[in-house]
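Each chain is listed here by its residues.
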Amino acid sequence: TLALDKASSLAFGRVRPLAWCSRPRARAALLDGALVDAGGALADLMEISAQVEAVVVLDENGEIACFAAPEPERAQKLAHAAREALAVAEPVRRGASVTQLEASTRAGTLFVVRNASRTIAATTGAAPISGLVFHDLETCLRSLDGDAG
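Residues numbered from 1 in each chain as written. Predicted model: local features only at pLDDT ≥ 70, side-chain atom pairs only at ≥ 80, totals over all residues. Heavy atoms only, no water.

### Side note on the nonpolar core
So the rule is basically this: As used in this record, nonpolar core signifies buried Ala, Val, Leu, Ile, Met, Phe, Trp, Tyr and Cys residues forming a set joined through side-chain atoms within 4.5 Å. Partly exposed describes any residue whose relative accessible area lies between the buried limit of under 20% and the exposed limit of over 50%, with all areas from a 1.4 Å probe on protein chains only and scaled to the type maximum. Secondary structure counts use DSSP, requiring at least four H or I residues in a row for a helix and at least two E residues in a row for a strand, with both numbered from the N terminus. Residue contacts are counted whenever heavy atoms from the two residues lie within 4.5 Å of one another.
Of all hydrophobic cores here, the largest spans 21 residues; its most connected members are Leu42, Val55, Val57, Ile120, Leu137 and Cys140. When contributions to this core are tallied by element, the ones reaching two or more residues are helix H2 (38-48), strand S4 (52-58), strand S5 (64-69), strand S7 (109-114), strand S8 (119-124) and helix H4 (130-144). Looking at this core element by element, the count peaks at 6 residues for H4. Each residue touching Val57, except ones within four places of it in the same chain, is listed here: Leu42, Glu63, Ile64, Ala65, Cys66, Arg118, Thr119, Ile120 and Leu144.

### Some points on the packing of H2 against H4
How we decide: The axes are straight lines fitted to the C-alpha atoms, using for helices just the contacting stretch, and the angles between their N-to-C directions are given from 0 to 180°. Angles are sorted into four bins: roughly parallel if under 35 degrees, roughly antiparallel if over 145, roughly perpendicular if 65 to 115, and oblique for all others. Should the near helix be turned anticlockwise from the far one by less than a right angle, the crossing is termed left-handed; should it be turned clockwise, right-handed. Polar here means any residue outside two lists: the nonpolar Ala, Val, Leu, Ile, Met, Phe, Trp, Tyr, Cys and Pro, and the charged Asp, Glu, Lys and Arg; Gly therefore counts as polar.
Relative orientation of the contacting elements H2 and H4 amounts to 160°, with a least axis distance of 10 Å. The orientation of H2 with respect to H4, classified from their angle, is roughly antiparallel. Considering only the axes of H2 and H4, their crossing is right-handed. Residues Ala38, Ala41, Leu42, Leu45 and Ile48 of H2 touch H4, and the partners they reach there are Asp136, Leu137, Cys140, Ser143 and Leu144. For the contact of H2 with H4, a count of residues per class yields 8 nonpolar, 1 polar and 1 charged.

Any functional reading would require information that these geometric values do not contain.
Here is the structure:
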């Protein structure tokens, strides 16, 4: 519940996000036939998914690898909320790892998608089209892993 309360304060209007990656020159994806870096993948996500207000990518250790958010503090809060939400959801199904999570409040929604090597978390405003947001986040993760197909 703590993560859900914090998530509601993360979604506050669309502002041109600040993008940052720990390895900005690292080639991470093949999109439309051109190599792009992780920052480019996040920029693409923010462009195609109008509902996403802030996004953070966590590495396999749960540390921030990249983010696109109005300020770094918001990215830190989003990463913390994603880690907490996953920790709370994990025991729900014994032996099964949580791969997608959605937590909604009246102010907005927290989305978390995880694969074997990365986690991506995003916030939206109220009443997003969940299937589209999940699709866009999964596509971004695949592009970061070098599999844009």
